[in-house]
Amino acid sequence: MNNTTIVRNNKRHIWLLEAAVGLIIMAAVFIIAINVDITATENELSDKAQYINEQCNSFTRLNLAAETKSLMRVIESAQQINRNITYERELSTNDIFTEEFLKKNMEECYLTAVIILDARGGLTAQYYTDEFGADVLSEYLDSVSLVDVVDNPQKTYATRIACVDGSYVDLAACGMSDGDGIVVTYYHTSEEYVNNYNLSFTHILSGYDDSKDGIVVVTNGNRIIASNDENMVGNNVDNYNVLKKIKSTGVSGKLVQSTNDNMGPGHDFGLMERGRDYYVYAYMPERSVFRTTPRNMLYTFIVYMSVVAVLNMMSWKTAQEYEREQFAMQQRYAVSLQEKNEQLQEAVRREERANAAKTDFLSRMTHDIRTPLNGIIGLLRIDETHKDNIAMINANRQKMSIAANHLLSLINDILQMSKLEDGDIELAREVVDLNQLAKDIITIVEQRAADAGVNLDYDKALGKAVHPYVYGSPLHLRQLFLNIYGNCIKYNKIGGMVRTCFNCIGEQNGIVTYEWTISDTGIGMSEEFLEHIFEPFVQEKADARSIYQGTGLGMAIVKNLVDKMNGTINVTSKEGEGSTFVIRIPFEIAGTIDNSDSVKEEHKADITGINILLAEDNELNAEIAQTLLEDEGAHVKVVCDGEQAVSEFSGCAPHTYDVILMDIMMPKLDGLSATRKIRALERPDAATIPIIAMTANAFQEDARKCIEAGMNAHLSKPLQMDVVVDTIEEYYKR
């Protein structure tokens, strides 16, 4: 299957997926839209029916109040005429119920008729202006309740009589004061007045359009008394399918679906609200119910198609952009691959140069190490053959000492450089007196310069620092400057000069920066070599080691130390004229310290009679140390590893030994572990006996590890006997 077929199949799958998603969305929108329309219709019809029901109840109350007022007015008119009759009888003994009298009272009281009945309800006189009269109203005039007013003048009778033509008569009666008859009055309200001024349910529904608002029906029982469809007024509820279905549910406010009354397609939806005296129905055809669903479906279809079109367009653009990016990536990859190939080739070349440098380094180191060793071995052989020549043997010992010190310096430089490159060197943070440090360095340098025939010239400011007390690592500062001065002296000429200028560059936020400029008039360096001056094991001339006895590590150590101190070093040089070193180092300013300590009286340390436990795995080193210590008067017990040291100390009586000299690198149990075990012993001298490290691990971090393990001091090999004796005496006397 080729790529074109795969792309075509992928597009077909995407179209099918889009169609399926579209159908799902349309179906979901259809269901939601239907539910929304049904809910909206139910709320609309329910609100409408409730409002009409409230209006019907309100109209009923208003009409009842109007009827009551009308009957009260007719009653008051009957009582007024009764008072007029009593008044007229007092003035005249003649018959007062003349047509003129009745007409006058009727007009004064705004009545339609006045009828006078005797005590038994018989007609005495009447006057009326409409088609009604005593004959038409005889069934109401014969009412027992009406006749009863004769016996109680305070009692009245009133009623409203509905007429066939829609008009009504408000009739009232009261007994005469002398109990001789009944005064009957009525007011006839015409049909025209009733239609024009009385409140009716038809008025309520007059504002509802059946084509927009649906059909609204008000019923009294099963009879339709009002509707916005006039053809339904007066008919029975059971004549309409939707009204019959709604009534059968018996639930108010619940939307009901029913077939329409035309027996055609479609349905009607309606509900009912039950009132106190009436029922209100409201319904509408389904085309009015679901009026928003088609529009929502159309909008959804348009929006979905627009989204699909936009997504397809974005997908197309993304695909185009992806193709362009892929092409660009291929171009970049090709360039990157070419660059990597070039880098690999350069790395191979560097590795070859590094291997060559390592080979050259090993060759030079072999030469540098073998040279003093050959000298020592040769001098030992000379001593063996000239045992009687004491002067020669003494001279050879001095030469062997010089060769051994040179070999030790070489090894120290190599180890120091290795530590610096691995980042294992930790600078101390001690208060340093720069003035005193400068004096100490000058003292050492002056002797070296005098031996080499080189003159020294110091700036007056040297030894007078503005802020002499700073935080720093005095050991490494001393090493840094001694290396520089050592090079300036070593590569100088007899009668040459080494000058030193000292300046304070500035002070800010408790940090002071000092600058040393050290220049010489020596052999100088070429510009090509200056680019590699800080690289390890590099010297400009191949014979430099033979002539100047150098390792090529001094400047590399200096550069690493300056970097660790956050300083800078710059070197300028010219062959045959000399070199200049500019060193800048920032220091944190420390407070002043008291230098008024009294000078201690010098004395020779004495360890005579001190019992020493010596742990040393090397037999030769153990023999040498034992001999030298016993020569100083000490008693020495030698064990060859850490386990024996722990066993010997724990097995002897307390305070048998005064001091323990502990080597670090030993088999079975190293010196640090042995020290921890001794300190953990439950005996009175386990925590107090001085334990002094005696090891070839000569760096500051090695000393720190010894102290952390529980040792009291750290002595580095090869041992300097005067230092060993002083240290033993110091801790023994504590």
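The sections below set out a description of the structure shown in this document. The model shown is predicted, which means the values in this text are computed figures rather than measured ones.

Cut-offs used in this document
- Along every chain, residues carry numbers that run from 1 in the direction the sequence is written.
- Owing to the predicted nature of the model, reporting of local features is limited to residues with pLDDT of at least 70; listing and counting of side-chain atom pairs is limited to 80 or more, with chain, interface and lining totals taken over all residues.
- Calculated side-chain values reflect all of the structure's heavy atoms, with hydrogen atoms and water omitted.
- Any two strands with at least two DSSP bridges between them are considered paired.
- The helix and strand labels rest on DSSP assignments: H or I over at least four residues marks a helix, E over at least two residues marks a strand, and numbering proceeds from the N terminus.
- The angle between two axes is taken between their N-to-C directions and runs from 0 to 180 degrees, where each axis is a line fitted to C-alpha atoms and a helix contributes only its stretch in contact.
- The buried label goes to any residue with under 20% of its type's maximum accessible area, the exposed label to any with over 50%, and the partly exposed label to all in between, with areas taken from a 1.4 Å probe on protein chains only.
- Two rings belonging to Phe, Tyr or Trp (six-membered ring only in the last case) form a pair when the distance between their centres is within 6.5 Å. Interplanar angles under 30 degrees mark stacking, angles over 60 mark edge-to-face geometry, and anything in between is tilted.
- The term nonpolar core refers to a set of buried residues drawn from Ala, Val, Leu, Ile, Met, Phe, Trp, Tyr and Cys, joined through side-chain atoms within 4.5 Å.
- The criterion used for residue contact is that any of the two residues' heavy atoms lie within 4.5 Å.

1. What to know about the sheet that holds strand β20 (residues 659-662)
- Read from one edge to the other, the open sheet built from five strands follows the order β19-β18-β20-β21-β22, with strand pairing classed as parallel. Two strands in the sheet have a free side with no partner beyond their single neighbour: β19 (635-639) and β22 (713-716). On average, adjacent strands in this sheet sit at an angle of 20° to one another, irrespective of strand direction.
- Pairing geometry for strand β21 (residues 691-695) and β22, over four bridges, is parallel. Across the sheet, the residue bridging to T695 is S716, located in β22.

2. Regarding the pairing of strand β4 (residues 168-175)
- Judged by how many residues are buried, β4 sits mostly within the fold: eight of eight residues are covered.
- With burial as the criterion, each face of β4 is covered, one bearing Y168, D170, A172 and C174 and the other bearing V169, L171, A173 and G175.
- Looking at chain direction, strand β3 (residues 156-162) and β4 are connected through seven bridges and run antiparallel. Opposite Y157, over in β4, you have A173 as the bridge partner.
- In this antiparallel pair of consecutive strands, β3 and β4, the connection spans five residues, and G166 shows a positive phi of 100°.
- Pairing geometry for β4 and strand β5 (residues 181-189), over eight bridges, is antiparallel. Note on β5: the bridge partner recorded for A172 is T185.
- Here β4 folds back onto β5, and the loop between the two strands holds five residues, one of which, G179, carries a positive phi near 70°.

3. Observations concerning the packing of aromatic side chains
- In this structure the tally under the stated criterion is seven aromatic pairs.
- Plain terms: the ring middles of F502 and W516 are 5.4 Å apart, the flat faces sit at 50° to each other, and that makes the pair tilted. Of this pair, F502 sits in strand β14 (residues 497-508) while W516 sits in strand β15 (residues 511-520), placing them 14 residues apart in sequence. Each member of the pair, F502 as well as W516, carries the same accessibility label: buried.
- Where Y514 meets F587, the ring centres are 6.3 Å apart and the plane angle is 45°; that geometry is what we call tilted. With a gap of 73 residues between them, Y514 in strand β15 and F587 in strand β17 (residues 578-589) connect regions that are remote in the sequence.
- With relative accessibility at 0%, the residue Y514 sits in the buried group.
- According to the relative accessible area criterion, F587 is buried, its value standing at 3%.

4. Topic: helix α15 (residues 554-564)
- Within α15, burial applies to G554, M555, A556, I557, V558, L561 and V562.
- Just beyond α15, the residue with positive phi is N566, at close to 65°.

5. A few points about the nonpolar core
- Counting 39 residues, the largest nonpolar core has L480, I484, I583 and F587 as the members making the most contacts within it.
- Sorting the residues of this core by element identifies α11 (434-452), α12 (474-490), β14, β15, α13 (527-530), α15, β16 (568-574) and β17 as the ones contributing at least two each.
- Other than its neighbours up to four places away in sequence, F587 contacts L434, V470, Y471, L477, G510, I511, V512, Y514 and W516.
- In this structure, I660, M662, M666 and L672 belong to the second largest nonpolar core, which totals 23 residues.

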